[in-house]
Amino acid sequence: MDGLRLRFRRAYPGFELDIDLALPGRGVTALFGHSGSGKSTCLRCIAGLEKAAEGEVTINGETWQDSRRNLFVAPHRRALGYVFQDANLFRHLTVRRNLAFGLKRIAAAERRVELEQACALLGIEHLLERMPERLSGGEQQRVGIARALLTSPRLLLMDEPFGALDAQTRLKMQTLLLDVWARVRTTVLFVTHDIDEALYLADRVLVMSPRPGRIIADLALDFPRPRDTRLVTSADFVRLKRHCLELLDHDDGRQLPRLTPLGLPPGITPDRLRIAI
């Protein structure tokens, strides 16, 4: 079955994460919300780095967790790639050997992305013999993304991968990611607290409230691809951005603003906008 089924509940002192949603098994989905709303925890539960007592994680027909059946697939056995805000490169290895680590996770016969292809996509061919300390922040993230792609993931998790970069480098990396996705078409879940980034990159934006951490809005976007930076100044983009920001002013998710006075971009009709209340 094509698609992502995510259902899990995880309780912490003073905070509870409660996720229950189904997503298409394709495209880029952005998780957007305030810091502390559980965006990163959501990714960690999907990856198996945190185990929810109640949970179900199914990716395109493959179940990674089902608490009702006492099923839990170990993180290293899940066909996913993970890119963090810090590239987390091995400091004692060259770029080439860091990338080789990604290749080791997948059998040669099952690889959909080869080393040369990943290097060309990310523009890092000239960096292969360098050590991580000789790379800029943007270069390190390019290597981190390439390493994740080399695992031939069915799902690519990205946890604020550009959050520590300066504005100019961040914009370049966003444009690069759009180009890489257009060529590889891996399903992506992308965490960000930057609404411009979420709307620019994603096919779908999930807005999260902090207490409890849950989805309060599910927005399917129809901005055409390929995209360029002119999109972020369009009237449609600005209207939807305003709506998302107003949603965050209603953290409990019970009292949400009306949509009619605000307006929605063409193609985002009420039947395509789902808000949990």
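See the structure shown above.
The notes below deal with the structure included here.

Cut-offs used in this document
- Residues numbered from 1 in each chain as written.
- Predicted model: local features only at pLDDT ≥ 70, side-chain atom pairs only at ≥ 80, totals over all residues.
- Heavy atoms only, no water.
- 1 Å grid on protein atoms, 1.4 Å probe; cavity = no way out; pocket = protein on both sides within 12 Å on 5 of 7 lines; lining within 4 Å.
- Points joined across faces, edges and corners; volume = space filled by probe spheres on them.
- Helix = DSSP H or I, 4+ residues; strand = E, 2+ residues; numbered from the N terminus.
- Nonpolar A, V, L, I, M, F, W, Y, C, P; charged D, E, K, R; others polar.
- Buried < 20%, exposed > 50% of the residue type's maximum accessible area, 1.4 Å probe, protein only.
- Contact = heavy atoms within 4.5 Å.
- Pairing = 2+ DSSP bridges.
- Arc of directions from axis to C-beta.
- Salt bridge = Lys/Arg side-chain N within 4 Å of Asp/Glu carboxyl O.

In this structure, the largest pocket occupies an estimated 400 Å³ of space. Around the largest pocket sit 19 residues that line it, and Gly-81, Tyr-82, Phe-84, Phe-101 and Arg-105 are the ones nearest its centre. Sorting the residues of the lining of the largest pocket by element identifies strand 7 (80-83), helix 2 (95-103) and helix 4 (137-149) as the ones contributing at least two each. Tallying contributions element by element places strand 7 first for the lining of the largest pocket, with four residues.

Quick look at empty space enclosed by the protein now. Scanning all chains against the criterion turns up one cavity of 30 Å³ or more. Approximately 60 Å³ is the volume found for the largest cavity. Lining of the largest cavity is provided by Ile-145, Leu-149, Leu-156, Leu-177, Val-180, Trp-181, Val-184, Arg-185, Thr-186 and Val-188. Secondary structure elements with two or more residues in the lining of the largest cavity: helix 4 and helix 5 (167-184). With four residues, helix 5 is the largest single contributor of residues to the lining of the largest cavity. By residue class, the composition of the lining of the largest cavity is eight nonpolar, one polar and one charged.

What follows is about the environment of Ala-148. Note on placement: Ala-148 falls in helix 4. Assessed through its relative accessible area of 5%, Ala-148 is described here as buried. Distance from Ala-148 to Ala-118, taken between C-alpha atoms, is 9.6 Å for residues 30 residues apart in sequence. Ala-148 has contacts with Gly-81, Tyr-82, Val-83, Pro-153 and Leu-156, leaving out every residue within four places of it along the chain.

Turning our eyes to something else, we now look at the environment of Leu-4. Looking at the secondary structure, you find Leu-4 in strand 1 (residues 4-12). C-alpha of Leu-4 to C-alpha of Asn-60: the two residues are 56 residues apart in sequence and 6.0 Å apart in space.

This brings us to the environment of Gly-61. Along the chain, the position of Gly-61 falls in the loop between strand 4 (54-59) and strand 5 (62-66). When the C-alpha positions of Gly-61 and Leu-4 are compared, they lie 8.2 Å apart, and in sequence the two are 57 residues distant.

This part takes up the pairing of strand 4. Remark: a regular strand shows side chains that alternate across the two faces of the sheet. Among the six residues that make up strand 4, five are buried, leaving the element largely enclosed by the rest of the structure. Pairing between strand 1 and strand 4: six bridges, direction antiparallel. When the bridges of strand 4 are listed, Arg-7 appears paired with Glu-56. Judged from the four bridges that link them, strand 4 and strand 5 form a sheet pairing that is antiparallel. If you follow Ile-59 over to strand 5, its bridge partner there is Glu-62. Hairpin geometry of strand 4 and strand 5 is characterised by an intervening segment of two residues between the two adjacent antiparallel strands and by a positive phi of about 45° at Asn-60.

What follows concerns helix 2. Three or more residues of helix 2 are buried, namely Val-95, Asn-98, Leu-99, Gly-102 and Leu-103. For helix 2, the arc enclosing every buried residue in end-on projection is 155°, short of the 170-degree limit, so these residues lie on one face. Among the structural elements, helix 3 (115-122) and helix 4 are those in contact with the buried residues of helix 2.

Counted under the stated rule, the structure contains 21 salt bridges. Salt-bridge contacts for Glu-56 lead to Arg-7; the nearest nitrogen and oxygen are separated by 3.7 Å. Of this pair, Glu-56 sits in strand 4 while Arg-7 sits in strand 1; the two residues are 49 residues apart in sequence, bridging distant segments of the chain. Take Arg-7: its relative accessible area is 18%, and that puts it in the buried class.

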